[in-house]
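Structural description and commentary
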Amino acid sequence: MTWVITKLCIDCKDIECVEVCPVDCIYDLTTSDDKYPNQLYIHPDECIDCAACEPACPWEAIYQDEAVPEIFQEDTQINAQVFEDHQPDEFTTKPTPLRQQPSKDEVEENKKKWGFT
Ligand code: SF4
Ligand code: SF4
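The notes below deal with the structure included here. Values in this document were obtained by computation on a predicted structure and should not be read as measured data. (Residues numbered from 1 in each chain as written. Chains lettered and ligands numbered in written order. Predicted model: local features only at pLDDT ≥ 70, side-chain atom pairs only at ≥ 80, totals over all residues. Heavy atoms only, no water.)

1. Details of the pairing of strand E2 (residues 26-29)
By the alternation rule, side chains of E2 split into Ile26 and Asp28 and Tyr27 and Leu29, which are all buried. Pairing of E2 with strand E3 (residues 40-42) involves three bridges; the strand directions are antiparallel. Within the sheet, the bridge partner assigned to Asp28 lies in E3 and is Leu40. (Buried < 20%, exposed > 50% of the residue type's maximum accessible area, 1.4 Å probe, protein only. Helix = DSSP H or I, 4+ residues; strand = E, 2+ residues; numbered from the N terminus. Pairing = 2+ DSSP bridges.)

2. Focus: the pattern of salt bridges
A side chain with one charge can pair with a side chain of the opposite charge if their charged atoms come near. For the structure on display, the rule yields six salt bridges. Among the salt bridges present, the one from Lys13 reaches Asp28, with a minimum N-O distance of 3.1 Å. With Lys13 in the loop between strand E1 (3-5) and helix H1 (16-20) and Asp28 in strand E2, this residue pair connects regions lying 15 residues apart in the sequence. For Asp28, a relative accessible area of 10% translates into the label buried. One salt bridge in this structure joins Asp85 and Lys35, with 2.7 Å as the shortest N-O distance. Pair noted here: Asp85 is in helix H3 (residues 74-85) and Lys35 is in the loop between E2 and E3, with a separation of 50 residues, a long-range link. On the basis of relative accessibility, which here comes to 33%, the residue Asp85 falls in the partly exposed class. (Salt bridge = Lys/Arg side-chain N within 4 Å of Asp/Glu carboxyl O.)

3. Points about H3
Along its twelve residues, H3 runs 16 Å from first to last C-alpha, staying within 8% of the 16 Å computed at 1.5 Å per residue. Turning to H3, its buried residues number three or more, namely Asp75, Ile78, Asn79, Ala80, Val82 and Phe83. Looking at the buried residues of H3, the elements they touch are E1, E2, E3 and strand E5 (91-92). (Expected span 1.5 Å × (residues − 1). Contact = heavy atoms within 4.5 Å.)

4. Things to note about the sheet that holds E2
Taken in spatial order, the three strands make up an open sheet running E3-E2-E5, and their pairing is antiparallel. Two strands bound the open sheet, and with one partner strand each, they are E3 and E5. Here H3 sits on the sheet and contacts E2, E3 and E5; the angle it forms with E3, its principal contact strand, is near 90 degrees. (Axes fitted to C-alpha atoms, helices over the stretch in contact; angles between N-to-C directions.)

What follows is the structure, given as structure tokens:
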């Protein structure tokens, strides 16, 4: 069992999840690759299924793999594939935060932007 970061993280990256993960398995890709959006990724083989990250995410972007909403189904594969396509030294577990805590309206607007209502 692993957890998955969905598109709701794209361009948000406030790194709240990184700060609570006990095994440092949430990564930012430091290499530019158009195939992978500007978000963080959970390494499926390193995640210990502790669930600490999900409530910490103010953008409500993280789901257990079995509960990923239909509209974000491909994100499970994307979270795994990025670690196959890139070497360990192309990731960091200490990304620079992009945004501050969102308001409730901003969270809802972000969901609508990705068609998740
Ligand atoms: S807390 Fe959520 S939005 Fe913020 S970086 Fe983690 S997954 Fe992305
Ligand atoms: S479920 Fe736990 S181990 Fe897995 S990414 Fe979230 S905080 Fe890290």
